[in-house]
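# Descriptive structure summary
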Amino acid sequence: MAVLDIGAAVTSENTDVSLPGKTGAGGRGEEEKENRLPGPGQAAVLVEVDTATGGSAGCPRCVDAPARGSRPRAQAEDGRVCVVFRGAVAHTSCCRFACELLKFVLYERQQLPAPYDQLLLLQEATAPAGRQGALRRPMKTSGLDGRRCQQTLRELKEVLQNLEVLFSLTLVPRVLLLLGGNVMAPKELFEIDLEALVLGEEAGSLGTAACLRQLFHTLFVADVLFKPQPRSLVATTVMVLGHRDCGVGWFRPRQDYTVPTRAKRQVIALSSDTHPPTPAQGEQRDWEDYIWFQAPVVIKGFCK
Amino acid sequence: MDSAGDLHQGVSNGTNTLNIHVEVHMKSSSTAKKETVKLHVLDLLKRHRMVFGDFKWTEFDDEFLVNNVESVAIVDADFIQPVDLSNSCLSIHVFTLNYEGPMTENLDEEDNLVAANQWLLPAEEFHGIWESLIYENGIKSQLLDYVSTTIFFSDKNVDSNLIAWNRVVLLHGPPGTGKTSLCKALAQKLSIRLSNRYKYGQFVEINSHSLFSKWFSESGKLVAKMFQAIQQLINDPDALVFVLIDEVESLTAARSASQAGTEPSDAIRVVNSVLTQLDQIKRYPNVVILATSNVTEKIDLAFVDRADIKQYIGPPSPEAIFNIYLSCLDELMRCQIICPKEQLLTYRELKMLGFLENSVSQLSMFLRRIALKSKGLSGRVLRKLPFLAHALYVKTPTVTLERFLEALALAVDKQFEERTKLTNSV
């Protein structure tokens, strides 16, 4: 795995075996990553995240966090990336994390030819010209398979909207993104672990944008997702762990579901380093009553 | 687990208590715990203790069941006498259906040909097939027993070198007798029955034609690749994997034919590859291979030899035809195409009456005459006859049962007429 690569690079340089990022991963390790990173598409994602962050530098302590704090904290083991936020996060942020990761994984695994938000823009631009149509710069979309593209975007949009609904109804400790195969035997599995996050009030929590920046920064640095190899188009299914009685209608409950252990698995674990403000939140939840919900729509990948 | 009352649930204790299977189909939106559902179903069964054979509840008094359960069915009861449930052993299987539809597997990255379709069981597409298949002599229960024994032997760690069983079932017979459907239904049934042992079932339907490559000597490798993909599914001990090889003769054509020079040698490699792969797979306890064929004499002897059960599926008997027609008529009455609704007697009831014709049994006897006349038609033809009867001879949106039966008789006649014309012209 690529995670091990970083470790190896660091070890050879500093002979410090403990943590890949602990020594600042300076020197050669850093350079190597710089070289490995780009490719035009990935740069675009970075830019996108940055612009998202740009507007809302709301909370000073968390804007600082990625620069100083996150690197030493990002622990990357084989198939597991941990992102530690320095404080509580708002309930709505969790949903954004899952949605952004879904968009990102789809793009990164070559199921979408361009990042989702960019595709949305493209779609808007190619839609029958409205009032502002004449003003807009004409975009080149000739290569895009129109019908397939629209269908996939529709599916993805539906999933994203319903994820938002589900997150508002119940606490979600875990989200699975399953690529290829079927839900019991996928080709690849991404697990987003939100269990250790401390949830706070909207006002006292870290800004969503800053957290997203830290999250993606960690992912880029850990270099777990970037494997430049051609991939076939597959179907992506989203599974969400939620409370039995949350009353969500769109998702289908899958009571007997167990997370497949045989697929290639990548865990992205998010957590907070603060203690929960009230003991009520920290007390043992009854996980018995949390069951998996499956999105009834699969997102079929498409290419140009 | 024993319920509060005196209904028993669980494995029979070896005495001669009757084991009755109850299938509970949960609504796909239900989030209720299965244990709770079981308790409510036991409650329901306690209120309806006497059963006279297969029965299905779809409407309930209990609000919990209304909200969470689609149907409760007593299935595959082969007893003739009415049975008191309190004296028998109940196996309650609670299941929900998978709505995903098939996933496709491509072996060749460049080629878009689908090599296999894969379903997660119990699948919505296969629901109801088992009930719609009507055979005599307990063929269905034999097949069920076969697979149960297979799994029982594996459980007991029987040494497979001393007692060999290959997990291969070959169904053969004329076209249209429901071989492929039976395979799907069997897989569905077993995944429900064995749900306490295996968490889920996988059904892989191999598209034999995709395994032949345009490149010489590649075909054998494609077969190996296919089985590798299947192997990955089998590796999960929680999965019960069914592999269906439809029209197996195309994959295992008799190698002797190629010695005469009519088959390319690549075809021999395919057969060899299939045989060796089958031998590898049979070591695993959680796999069953189902194969169907129309022309058994074309199949390689080594494959036939590996099949534990070589079941002939022939055209239906008059009794089976009668039952097929009966289920068709029930469906038409449910859709109110045949109106008003009339109750027909079952074949068993007719038998008990000694096939006497009176005012009650008049229409049922008419149906029996049609069934006798239809002997020799395949199940696939029989299922489309009610449609043809309506299309050709009814011509009104709704029709009485008597009028429809007359139309059905005409449709049967026409079917035979067409058949003789077809054979004469050849």
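Residues numbered from 1 in each chain as written. Chains lettered and ligands numbered in written order. Predicted model: local features only at pLDDT ≥ 70, side-chain atom pairs only at ≥ 80, totals over all residues. Heavy atoms only, no water.

Residues and elements named next belong to chain B. Examined at the domain level, chain B breaks down into domain 1 (19-95), domain 2 (103-312) and domain 3 (318-417). For domain 2 versus domain 3, the separation of C-alpha centres amounts to 36 Å. Domain 2 puts five residues into the contact, and the matching count from domain 3 is seven residues. Across the domain 2 to domain 3 interface the summed buried area is about 480 Å²; carbon plus sulfur atoms make up 59%. It is Ser-132, Ile-134 and Gly-176 that lose the most area in domain 2 upon contact with domain 3, and together they represent 80% of the buried surface on that side. At the surface where domain 2 touches domain 3, the tally comes to zero salt bridges. (Domains from an automatic or database assignment. Contact = heavy atoms within 4.5 Å. Buried area = accessible area lost by both parts, 1.4 Å probe. Salt bridge = Lys/Arg side-chain N within 4 Å of Asp/Glu carboxyl O.)

Let us now look at the interface of chain B and chain A. Counting residues at the interface gives 23 residues for chain B, matched by 21 residues for chain A. Overall, the association of chain B and chain A removes approximately 1,800 Å² of surface from exposure, summing both partners, and the carbon and sulfur fraction of that is 49%. A per-residue breakdown of the area chain B buries against chain A is headed by B:Thr31, B:Lys33 and B:Met103, which together make up 29% of the total. Between A:Asp256 and B:Lys34 there is a salt bridge; the shortest N-O distance is 2.4 Å. Among the secondary structure elements, those contributing two or more residues to the side of chain B that touches chain A are β8 (103-105), β9 (116-121) and β11 (200-206) of chain B. Grouping the constituent residues of the side of chain B that touches chain A by class yields eight nonpolar, eight polar and seven charged. (Helix = DSSP H or I, 4+ residues; strand = E, 2+ residues; numbered from the N terminus. Nonpolar A, V, L, I, M, F, W, Y, C, P; charged D, E, K, R; others polar.)

What follows covers the pairing of strand β12 (residues 239-245) of chain B. All names here are of chain B. For β12, a buried count of seven out of seven residues is recorded, marking the element as mostly surrounded by other parts of the structure. A two-sided burial pattern is seen for β12, the buried positions comprising Ala-239, Val-241, Val-243 and Ile-245 on one face and Leu-240, Phe-242 and Leu-244 on the other. Once you follow β11 into helix α6 (residues 219-234) and on to β12, the crossover reads as right-handed. Bridge count between β12 and strand β13 (residues 287-293): five bridges; the pairing is parallel. Looking across to β13, one finds that Val-243 is bridged to Ile-289. (Buried < 20%, exposed > 50% of the residue type's maximum accessible area, 1.4 Å probe, protein only. Right-handed = clockwise from strand over helix to strand, strands pointing away. Pairing = 2+ DSSP bridges.)

We now examine the sheet that holds β9(B). Within a beta sheet, neighbouring strands are joined by backbone hydrogen bonds and run either parallel or antiparallel to one another. Residues and elements named next belong to chain B. Pairing is mixed across the open sheet formed by seven strands, whose spatial order is β8-β9-β11-β12-β13-β10-β14. Unpaired on one side and paired on the other, β8 and β14 (309-312) mark the two borders of the sheet. Going from strand to strand, the sheet's axes swing by 20° on average, the running direction of each strand aside. Inspection of the sheet shows β11 paired to β12 by seven bridges, in the parallel sense. Across the sheet, residue Gly-201 finds its bridge partner in β12, namely Leu-240. Sheet strands touched by helix α4 (residues 139-155): β10 (168-172), β12, β13 and β14. Its angle to β14, the strand with the most contacts, is close to 170°. (Axes fitted to C-alpha atoms, helices over the stretch in contact; angles between N-to-C directions.)

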